[in-house]
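Structural features, examined
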Amino acid sequence: AGVAPWLGMIGQEKVIHDPLMGGGGKRFHSMKDLSRAAQPGDIVVMSNTGGGSHFWKVPQKGLSGSEFYHAQPIVGRRGGHGTTTSAGEWHGSYAKDYGAKKMKGVVDPLHENMRASGYRDAVLLRPKKPMTPDQLKRFTDEALLRSKERYASPQAQKSFIKEIFVPKFDRKGREAPRPMCEGATCATLPSQSYAKSGGPRIKGKAATDVLPSDFLRSKDF
């Protein structure tokens, strides 16, 4: 019982993409510049600014070492900017009957979405292995359709518990994650969309258990 809370550290990879912890990469002068650089298939990991105390920011930093607590996929391009959506964003909205193609026309450019949601810090990640046009379509379609489902709060809680108590062994079967009955969390929406399209996966975890910080650890981005 005494060592149980440390089991989650077994097999855990280091955070390598967090710019607040020495991560490299291109620095953007403004959120609009970052938004212009975003391409379908990318993912953006976000946080609020400075000492602001969002509910998830403190436990996320204590759990992972990084204060970035939210993740969203880039699902298209419009007006020279990457567009994005998030888990539960369109649940119960006027777009409930829209297909993926029509959804692409209503989701927001990245910089506008971030401003409306209050996110001020962001890391844009791109898969090292380019996705094929077919993979990109499957990834974006899956993400767009999942954004209409209810946010899965129970799954978010389970993911945090597993992060603490379950070792990160890359066992057989991780590449075929079980489907969720309903909804997704901010991080499982893109992770399951990658799984559906054959894109990068988080080693040692099922796609249903991924947290935002896991993308900051992955050498596949």
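Note that this is a predicted model, so its numbers are computed, not measured. (Residues numbered from 1 in each chain as written. Predicted model: local features only at pLDDT ≥ 70, side-chain atom pairs only at ≥ 80, totals over all residues. Heavy atoms only, no water.)

Some words on the overall build of the protein
Helix and strand counts for the protein stand at eight helices and five strands. Order of helices (α) and strands (β) in the protein, N terminus to C terminus: α-β-α-β-β-α-β-α-β-α-α-α-α. Sequence-distant contacts, at least 24 apart, represent 79% of the contacts inside the protein between residues at least 6 apart. Here the protein displays about 11200 Å² of accessible surface, and carbon together with sulfur accounts for 56% of that area. (Helix = DSSP H or I, 4+ residues; strand = E, 2+ residues; numbered from the N terminus. Contact = heavy atoms within 4.5 Å. Areas by Shrake-Rupley, 256 points an atom, 1.4 Å probe, with all protein chains shown as cover.)

Remarks on the nonpolar core
Among the nonpolar cores identified, the biggest contains 17 residues, and I43, V45, L125, Y194, F215, L216 and F221 are the most heavily contacted of them. Secondary-structure elements contributing two or more residues to this core are β1 (43-47), β5 (121-125) and α8 (212-217). Setting aside chain neighbours within four positions, we find L216 in contact with K14, V15, I16, H17, D18, V45, S66, F68, V123 and L125. If you look at the next biggest cluster of nonpolar residues, it comprises twelve residues, including V75, A95, Y98 and V107. (Core = buried A, V, L, I, M, F, W, Y, C linked by side-chain atoms within 4.5 Å. Buried < 20%, exposed > 50% of the residue type's maximum accessible area, 1.4 Å probe, protein only.)

A word on the side chain of H81
Checked against the element boundaries, H81 lands in strand β3 (residues 81-84). Filtering out sequence-adjacent residues up to four positions away, H81 remains in contact with K32, S35, R36, G76, P109 and H111.

Focus: the environment of L211
By the secondary structure assignment, L211 is in the loop between α7 (188-197) and α8. Once the C-alpha coordinates of L211 and C186 are considered, the two residues, 25 residues apart in sequence, prove to be 8.1 Å apart.

Details of the side chain of T140
Looking at the secondary structure, you find T140 in helix α5 (residues 133-146). One polar contact links the side chain of T140 to the main-chain carbonyl oxygen of K137, over a distance of 3.2 Å. Not counting residues up to four positions away in its chain, the partners in contact with T140 are P40, I74, V75 and K104. (Polar contact = N/O pair within 3.5 Å; in protein donor to acceptor, adjacent residues only side chain to side chain.)

Quick word on the pattern of salt bridges
The full count for this structure, using the stated rule, is six salt bridges. A salt bridge links R126 to D42; the shortest N-O distance between them is 2.7 Å. Taken together, the residues span a long stretch of sequence, with R126 in the loop between β5 and α5 and D42 in the loop between α1 (31-37) and β1 at a distance of 84 residues. For R126, a relative accessible area of 42% translates into the label partly exposed. You can call D42 buried: its relative accessible area is 1%. The shortest N-O distance in the salt bridge between D214 and K205 comes to 2.7 Å. Across this residue pair, the class does not change: D214 and K205 are buried. (Salt bridge = Lys/Arg side-chain N within 4 Å of Asp/Glu carboxyl O.)

Considering the environment of D97
Tracing the chain through its elements places D97 in the loop between β3 and α3 (100-103). The exposure class assigned to D97 is exposed, which follows from its relative accessible area of 69%. Separated by 51 residues in the primary sequence, D97 and K148 have C-alpha atoms spaced 9.1 Å apart.

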